[in-house]
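Chain residues, written in single-letter form:
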Amino acid sequence: MSEQTHDGAVAVTAPPSPDAGLSRAELAAKYGLSVSGARPSLAAYVRQLWGRRHFILAFSQAKLTAQYSQAKLGQLWQVATPLLNAAVYFLIFGLILNAGRGMDKDVYIPFLVTGVFVFTFTQTSVMAGVRAIAGNLGLVRALHFPRASLPISFALQQLQQLLVSMIVLFAVAIAFGSYPGGSWLLIVPTLALQFVFNVGLSLIMARLGSKTPDLAQLMPFVMRTWMYASGVMFSIPIMLKDKPAWIADILMYNPAAIYMDLIRFSLIDGYTASNLPEHVWFAALIWAVLVGAAGFVYFWKAEERYGRG
């Protein structure tokens with residue numbers, strides 16, 4: 001287009017843009033643009049995670065190998081640490097405070113060691129989840145990948161560590177008269193349910209920890225309280241037999257206690273079904289499904305915000 005000015009010169013003006021008047025959303029739709037780092041749909045997110053399954057496994061194995069790389073005993077600390085904790089708890093609670101009353105020594109010692117090993121699985125998964133995003137900001141900001149890969153890989157790392165420790169746990173059970181039998185197969189579904197529960201809890205803590213780094217300083221106190229309330233060192237029904245029944249019921253149905261007691265029931269001959277709450281398998285399944293699903297969705301909803309700001 002052109003027009004003549006007052007001095008006789010011809011001024012050429014550009015034709016109106018075909019994009020004039022379009023909003024940013026309309027422009028993006030017209031040219032097929034998308035927001036960088038936008039959150040995918042939940043189904044697409046699951047597919048992305050499945051596509052990164054090899055990375056998740058390799059990352060967890062690398063973290064496990066590097067965890068004790070500077071120690072002279074190396075990977076032996078995977079077993080030595082919970083064993084030493086169990087020894088300390090046995091000294092304080094078993095011998096001094098008589099927390100094992102109502103149980104024979106052949107039952108109480110594997111009872112205690114099992115509780116320490118199984119609760120440590122959940123405890124370390126939660127603590128690793130708190131730092132999963134905040135402690136790996138360089139990786140989060142440098143590469144594009146589903147961020148849930150990090151807390152899932154940390155929970156998988158703790159599962160691998162527990163599986164190594166189970167060898168010692170089996171040896172302790174056998175040493176105190178509990179020999180392999182069909183009930184030992186129940187350990188597999190129990191650990192599978194606990195792993196799903198741990199992953200969900202780790203995802204929740206990863207999102208919270210990404211915005212509140214101080215949460216990592218608070219969580220040891222929370223986990224220690226949870227440990228004492230879950231019957232790691234004592235039998236909840238025996239210890240609380242003089243208290244109102246609803247207190248023992250609440251403590252026995254908390255997920256940490258449920259998964260510990262299922263492993264104890266599977267592994268220890270003298271630990272019978274009478275020590276378990278009613279519908280314990282249903283409760284274990286509900287905890288795993290609810291926390292696993294809720295944790296995954298809760299983490300996914302903030303996917304585009306991790307590593308920003």
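So, here is what we can say about the structure in this document.

Calculation rules
Residues numbered from 1 in each chain as written. Predicted model: local features only at pLDDT ≥ 70, side-chain atom pairs only at ≥ 80, totals over all residues. Heavy atoms only, no water. Phe/Tyr/Trp six-rings, centres within 6.5 Å; stacked < 30°, edge-to-face > 60°. Helix = DSSP H or I, 4+ residues; strand = E, 2+ residues; numbered from the N terminus. Buried < 20%, exposed > 50% of the residue type's maximum accessible area, 1.4 Å probe, protein only. Lys NZ or Arg CZ within 6 Å of the ring centre and 35° of its normal. Contact = heavy atoms within 4.5 Å. Polar contact = N/O pair within 3.5 Å; in protein donor to acceptor, adjacent residues only side chain to side chain. 1 Å grid on protein atoms, 1.4 Å probe; cavity = no way out; pocket = protein on both sides within 12 Å on 5 of 7 lines; lining within 4 Å. Points joined across faces, edges and corners; volume = space filled by probe spheres on them. Nonpolar A, V, L, I, M, F, W, Y, C, P; charged D, E, K, R; others polar.

By convention here, two paired aromatic rings are described through the distance between centres and the angle between planes. Applying the stated rule across the entire model yields 12 aromatic pairs. When the ring of F111 is compared with that of Y271, the centres are 5.6 Å apart and the planes differ by 45 degrees; the resulting orientation is tilted. On the criterion of sequence distance, the pair formed by F111 in helix α5 (residues 105–130) and Y271 in the loop between α12 (255–267) and α13 (280–300) is long-range, its members being 160 residues apart. With respect to burial, F111 and Y271 carry one shared label: buried. Relative to W287, the ring of F197 has its centre 6.3 Å away and its plane inclined at 85 degrees; by these criteria the two rings are edge-to-face. Separated by 90 residues along the polypeptide, F197 in helix α8 (residues 187–211) and W287 in helix α13 bring together distant segments of the chain. Just above the ring of Y298 sits the side chain of R207; from NZ or CZ to the centre is 4.1 Å.

We now examine the environment of Q194. Tracing the backbone through its elements, the reader meets Q194 in helix α8. Since its relative accessible area comes to 1%, Q194 is described here as buried. Beyond its immediate chain neighbours, meaning those up to four positions away, Q194 contacts V118, F121, T122 and Y259. Here the side chain of Q194 touches V118 through a polar contact of 3.1 Å, landing on its backbone oxygen.

Size it by volume and the largest pocket reaches roughly 610 Å³. Together, 32 residues line the largest pocket, and T120, Q123, T124, Q158 and Q161 are the ones closest to its centre. No other element matches α5, which puts nine residues into the lining of the largest pocket. Of the residues assigned to the lining of the largest pocket, the class counts are 16 nonpolar, 13 polar and three charged.

This part takes up empty space enclosed by the protein. Summary: where empty space remains is shown by rolling a probe the size of a single water molecule over the atoms. Inspection of every chain in the model, using the stated rule, returns one cavity of 30 Å³ or more. Lining the largest cavity, in full, are F111, S230, G231, F234, S235, I236, P237, A257, D261, R264, Y271 and N275. Breaking the lining of the largest cavity down by element, the ones donating at least two residues are α10 (236–239) and α12. With three residues, α12 is the single largest residue contributor to the lining of the largest cavity.

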